[in-house]
Structures are given as structure tokens and as C-alpha cells.
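Residue-level listing of the chains:
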Number of protein chains: 2
Amino acid sequence: MDKKIKKVGGQTVKLEHPPRIISAFSIVGPKEGEGPLKEYFDEVLSDETCGKETYEKAESEMMYTAITQAIKRASLKETDIDYMFAGDLLNQIISSGFAARDLNIPFFGLYGACSTMAESLGLAALIMDGGFANNVVASTSSHFCAAERQFRFPLEYGSQRSKTAQWTVTGSGAMILGKEGTQFPKITYVTTGVVKDYGIMDANNMGAAMAPAAVDTLYKHFKDTGRTPKSYDVITTGDLGKVGKTISDKLILEYGYDIRENHVDCGDIIFDNEVQGTDSGGSGCGCSAVVTAGYIYKKMMRREIKSALVISTGALMSTTSSLQGESIPGIAHAVAIEMD
Amino acid sequence: MDKKIKKVGGQTVKLEHPPRIISAFSIVGPKEGEGPLKEYFDEVLSDETCGKETYEKAESEMMYTAITQAIKRASLKETDIDYMFAGDLLNQIISSGFAARDLNIPFFGLYGACSTMAESLGLAALIMDGGFANNVVASTSSHFCAAERQFRFPLEYGSQRSKTAQWTVTGSGAMILGKEGTQFPKITYVTTGVVKDYGIMDANNMGAAMAPAAVDTLYKHFKDTGRTPKSYDVITTGDLGKVGKTISDKLILEYGYDIRENHVDCGDIIFDNEVQGTDSGGSGCGCSAVVTAGYIYKKMMRREIKSALVISTGALMSTTSSLQGESIPGIAHAVAIEMD
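Under the annotation held in an unreviewed UniProt entry, chain A carries the name Stage V sporulation protein AD and is attributed to Clostridium sardiniense.

A. Representation of the overall build of chain A. In terms of helices and strands, chain A carries 10 helices and 15 strands. For chain A, whose C-alpha radius of gyration is 18 Å, the value lies close to the compact-globule estimate of 20 Å for 340 residues. Its C-alpha atoms put chain A at 55 × 45 × 40 Å along the principal axes. Out of the 340 residues in chain A, the part that is buried amounts to 69%. Sequence-distant contacts in chain A: of pairs separated by 6 or more residues, those separated by 24 or more amount to 77%. Split by element, the accessible area of chain A, about 11,000 Å² in all, is 48% carbon and sulfur. Across chain A, the mean location of the 34 positive side-chain charges is 6 Å away from that of the 42 negative side-chain charges.

B. Structural view of the interface of chain A and chain B. Contact with chain A, which involves 68 residues of that partner, is made by 67 residues of chain B. Across the interface of chain A and chain B, roughly 5,800 Å² is buried in total on both sides, 59% from carbon and sulfur atoms. If you sort the residues of chain A by the area they bury against chain B, Q92, R101 and F132 of chain A come out on top, with a joint share of 13%. The tally of links between chain A and chain B comes to 8 salt bridges. Here D197 of chain B makes a salt bridge to R101 of chain A, at a shortest N to O gap of 2.6 Å. On the surface where chain A and chain B come into contact, there are 28 residue pairs in polar contact (both at pLDDT 80 or more). Elements represented by at least two residues in the side of chain A that touches chain B include exactly α1 (55-73), β5 (83-88), α2 (94-101), β6 (107-110), α3 (116-129), α4 (144-151), α10 (319-323) and β15 (330-338) of chain A. Broken down by class, the residue content of the side of chain A that touches chain B amounts to 31 nonpolar, 20 polar and 17 charged.

C. The environment of G226 of chain A, seen in detail. Looking at the element boundaries, G226 of chain A is found in the loop between α5 (206-225) and β11 (234-238). According to the relative accessible area criterion, G226 of chain A is exposed, its value standing at 61%.

D. Spatial organisation of the side chain of S115 of chain B. For S115 of chain B, the position within the fold is in the loop between β6 (107-110) and α3 (116-129). Residues contacting S115 of chain B, with those up to four places away along its chain left out, are S312, T313, G314, I331 and H333 of chain B.

E. Main features of the pairing of β5 of chain A. Residue and element names in this part refer to chain A. Burial of β5 is extensive: 6 of the 6 residues sit out of reach of the surface. Of the two faces of β5, the one lined by Y83, F85 and G87 and the one lined by M84, A86 and D88 are each fully buried. In this structure, β5 lies alongside strand β7 (residues 136-142), joined through 6 bridges in parallel fashion. Counted as the bridge partner of G87 is T140 from β7. Examined bridge by bridge, β5 and β6 share 4 bridges and lie parallel to one another. Bridge assignment links A86 to a residue of β6, and that residue is G109. Handedness of the crossover joining β5 and β6 through α2: right-handed.

F. How the structure looks around the relation of the copies chain A and chain B. Mapping chain A onto chain B leaves a residual RMSD of 0.0 Å; the transformation is a rotation of 180 degrees accompanied by 0.0 Å of translation along its axis. On this basis, the relationship between the two copies can be described by a two-fold rotation axis. By residue overlap, the copies meet face to face through one surface: 99% of the interface positions of chain A are interface positions in chain B.

Rules of the game
- Residues numbered from 1 in each chain as written.
- Chains lettered and ligands numbered in written order.
- Predicted model: local features only at pLDDT ≥ 70, side-chain atom pairs only at ≥ 80, totals over all residues.
- Heavy atoms only, no water.
- Helix = DSSP H or I, 4+ residues; strand = E, 2+ residues; numbered from the N terminus.
- Rg over C-alpha atoms; globule rule 2.2 N^0.38 Å.
- Buried < 20%, exposed > 50% of the residue type's maximum accessible area, 1.4 Å probe, protein only.
- Contact = heavy atoms within 4.5 Å.
- Areas by Shrake-Rupley, 256 points an atom, 1.4 Å probe, with all protein chains shown as cover.
- Lys, Arg positive; Asp, Glu negative; His and termini not counted.
- Charge placed at Lys NZ, Arg CZ, Asp CG, Glu CD.
- Buried area = accessible area lost by both parts, 1.4 Å probe.
- Salt bridge = Lys/Arg side-chain N within 4 Å of Asp/Glu carboxyl O.
- Polar contact = N/O pair within 3.5 Å; in protein donor to acceptor, adjacent residues only side chain to side chain.
- Nonpolar A, V, L, I, M, F, W, Y, C, P; charged D, E, K, R; others polar.
- Pairing = 2+ DSSP bridges.
- Right-handed = clockwise from strand over helix to strand, strands pointing away.
- Least-squares fit on C-alpha atoms with pLDDT ≥ 70 in both.

If you want it as C-alpha cells, here you go:
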């Protein structure tokens, strides 16, 4: 059998024709717009509803805005985009499906929980590198109010939150991949994760459930590529939150890699818990989406950082699986983004 | 900008190195095992629970079985499979996520409702053609009892069914793509769909909601490739059911293509409604999965048909979107499968 495939090691592809991220757009809710990263977001909503009658419709509208604005920034039209890779947390990914309804772009719907941003960006990069597209859009979204009532309790109940609970980010990020433009960051490696489950049962402690998956994908990425933590200016996991970040730093150290110096977690940096009361930090597909499309992308375009390893982490349970006594499987995908 | 991509027309890729479907496995519930296609399925469950304590766990177990048996039939090991593309109907695609937990294969989770089989097969084929993998598995599943309680009512309620309602198939199909073997069918074209919504509001009439999407993708496929209905021995839509099939035959005729002679609908042929009381026919991710991995694949391997255009159709609503008064967006993806 022909073994000449573009994989290096077991789980990583080195892209022969690294696609460029030629534009990005991030839109967030009011709370995110008051947080430490506020200056990096392109649009901050004045209220959670985005002018819509339900939170779910608001989430879909955010994604539609992120995608159309990202297309516009790239000086492209909808018809220039060959594929849309998108997903979200809502049942049957309605935010993405309804956003795609208003866009005439061939649509691949994805679900990887909070890992979906790296999943969509990774697949989009592979499709570009495979020669199937000139431009692809990758996007994800989440909404605090929609997620709370779907996964936990409707906000009206006023339930108390666990200290290990994470705060679902209201936001959406979109990135457009193109072939050219040395002024833009490029995607160089895609490491696709396997599912890891260490038996965590507490849906209010997803950081702990996802940490082993993040560490596994990190380890595979380093092993496959021969790179080390120092190869990157910043390693962003998301969304482990404070609890999961500490666990993952310790776990990866056992494999011989010290990421403590350049490791930030999207969930950890998007809110200021002291002021904002967000417990273990942000989560949701939208969290790594807006941190990557906002913070990381802008830092790169400003030449403040030159390389980032973006690892989005997802907890693959549902309310049904938790009620049925299942533990929480985690997954993480990594995408390396670098300036020339 | 370099326009030399592998797309022909707006939505179709012609594969330069068509991957082969080197094995397939289909597993179905007892009712499907009593239907017209029973001889084509590889395993028929003796009861709906698959030996598990919940229907959701049963569905996940079916997918695990389909994938592991397909791998075994290809004389491969789990470690030979570079990627797993899978999805299902359950919230947060837990059937796929939990099946992936027991498989050490890099996992891309997908959601395209009942279009997911063609979505997974299409993406798997692109990833093969792009040179990123030696072997990929594509799989989807659905389960009547799990879907009824999630989307409609728990079976215990004994609710009456609408005549236009479809019957979710209990089953899972998996196909392994490889690079070689002229004795196997190959994937030649992948046409990725856009979302279409003609304002159908009735979640018990999904065939009507999905028909315009099926017709749009069919039309784009013919237009992009220059092919006609006669290019294929069989055109399988799925899962439009009886109602949606009739609508789509009429709609595509308006575009100048007559598919009535060689068009079968997976949902229409999997049950015998006269005997089995399945109303408008089968549906669910598992329907086109088992019809493709069972019926179509075996027909090809027996040289009874030489070419098939598989179009899986999905209705992208959720119970939440329906309750919020949204209409039902549809999507369809097409994959051309041919013998040498």
C-alpha cells in the first residue's frame, strides 16, 4: 500500500501548501465585551439578544454576522467561498444550520463541542491544502443563555453555580482561509485528536474531563512534529478554564514538556473572574473562536506574536448521557498558526 | 488568484485519485431485518436494545459494531485507520462520540441530520484524495426509540403518528475507504449541498422539507459534471420517504431531468409500509447508511449495478427551532460511487 501520505507521525498533517487566514471577525456579548480581551473583539453586542426574539436566534445571527463580516473584510463575496465548516453547541447545531440557510455556501456541519473551532479550522485547512478550494470559511458560536437552558437550568431558575463550573461565552468567530498573502498568518500543522475518557462524571467540572484530551493531543503534536513548547510564542488551550489548565500543565509535564511559560487558556483569559464572577472561566465553541479570531489573530497581524498552537477542547457528553450515568469523554484538536 | 482547484462547476469535486470502498458493514434493528432489504444487511439485532440498558447506548453500540466489523472485513486494524468521520441524530451526537471513545482513531464529529452519511463519505473521500490518509472510516447511525423520545414523544405515550411522518431507522452503517483494489467500488464525485428552506413548518412532513434540497444538489451535480440521470444505474435519495420522493421527481423534471426510472429512495425501500405500518417510510442517519453500506454496496460487489449516485438528505431543525416557529431548512450531499 502507498504510504506516501502527508501525515507526520500518527495524528498530524504537515500542510504542503499552508493556507493563509486572510481575514477574521469576532463578535461577542456584553459581558465578554467588558472582559480583559475587549479591545481585540470586532463587535460587542449591547444586549444578549442581538435584536432577536430568542437566544438561539441571537446565536445564529452572531454567526451569520461573523461570517459575512469576515467575507467582507477579505474583499470577497459569498460566491467566492467554496465551503463553510461550522458547528455549535445547540442540539442539532441549529445556530450553524440556520446561519448557513442565509448563506449560499456548500455547508459541512460539525459537532465537536468546544473543540469545534479547531475541528473546523483544521478541516478547512486540509480541504485547502488538498486543492479543493480557493477560499473556505471556518466558524463556531455559543451563547451563555441558550447553553444554560439547554445544558443546565434556564436562567430564570436562579440556580447556584459550582465553583468548577465554566461560563459559556456568548460570541462567534469566523476565519476565511485563502491561498495567498504573506502578510497573513498561515496554518502549518493540523493534529486531529482521539477521544479520551478518564471517568469524570461531573458536568460542572468539564475542565477536568477535557484536560487529558488536551494533553494527549499536545503530546501527539510534539511527538509527531518534533517540536517543543518553545516552538510557539503561545499555546492556547480552550476551554479548560482555570481548573483544567492547572491539571493539563501538570499532566504534560509528566510527558517531559513544560508549557507553563507560554500556555494560556482561552477560558481563563476571556473573563476576569475577580470582577466578573465567572467561576472557572469561559467555555463554549464561541470561546476559542473569538479568542482565536480576535486576540490571537490580531496579535499576529500586529506582529506581537509570530506563532501559536491553538488547541480547542471539547466535552462530548449530552444531558441524556449524563443522566444515564455516563462519564464525560473529551477530545481536542490542534492547529498550528504561524507568520512567515 | 490561482483558480486551479479540483472543483468542476460550483459545488462538485472530481476526485483525481478516487478512493475505493474496500469494505462495508451494516447492522439493523429487528423491524428493518424483516423488511424488503433484509438479505442485504450484515447483522440483524434480535431486539432494539442491542443488549444495552438504554436505546442511546444501543445506538452507540451499533455504530461501534459497524465500524469494528468493517475494519475487520478490510483485514485492517484500528491503528490502520487514519480518520473517523461520523455523526448521528442525537443531541451532541453522543452515539458517535461514545463509539469514538472506544476506538483510538482521530475523530471528526459531524452533524448533517439525515444527510450525514453522504457528508461523512464525501469528506472522507476528499481527505483520501487530498493525500492525507491511507484509510478512513465513514459511519452514521440512528435508532427509532431514541429518536422518537428526543424529537417526538417517548414511545410509552402511545402517540398517534401522522401519515406523512417517517419512521426512524434503527441501524448503523460503516464504510472503509482505501487506495487500492479494482474489485471495489470507487468514489468519483462529491457534490456538497447548500441549505434550502422553502418554509415547510411541519416536523411530521420532513420529506417535503428536504425535497428541494435534494433536487438542488441533484441539479448542481448534473450541471457541474455534465452527467445525466442515465449516467447512473441507480440514484438513491435518502430519506425523503414516499411523500418527498414524489415531490422531488416532479421538481427535478422541471429542471429537465427525468429520474423516475432509476430513482429509489432509501426511506421508501427499506420498509414495506403495507405490512410494516411505517407511514411515509424510513428516515434517520442510519437509513441511508445501511441502504448504502448494505444494499448498494452488495449490489455493486455482486456486479448487479455498476454506478450509483447516493444523495443523503437532512432536515436541519431541532425541537427548539420548531417550538420557536422556525421552518425546516434542508440540505443534501451527493456522492457518486462507481465500479471500474
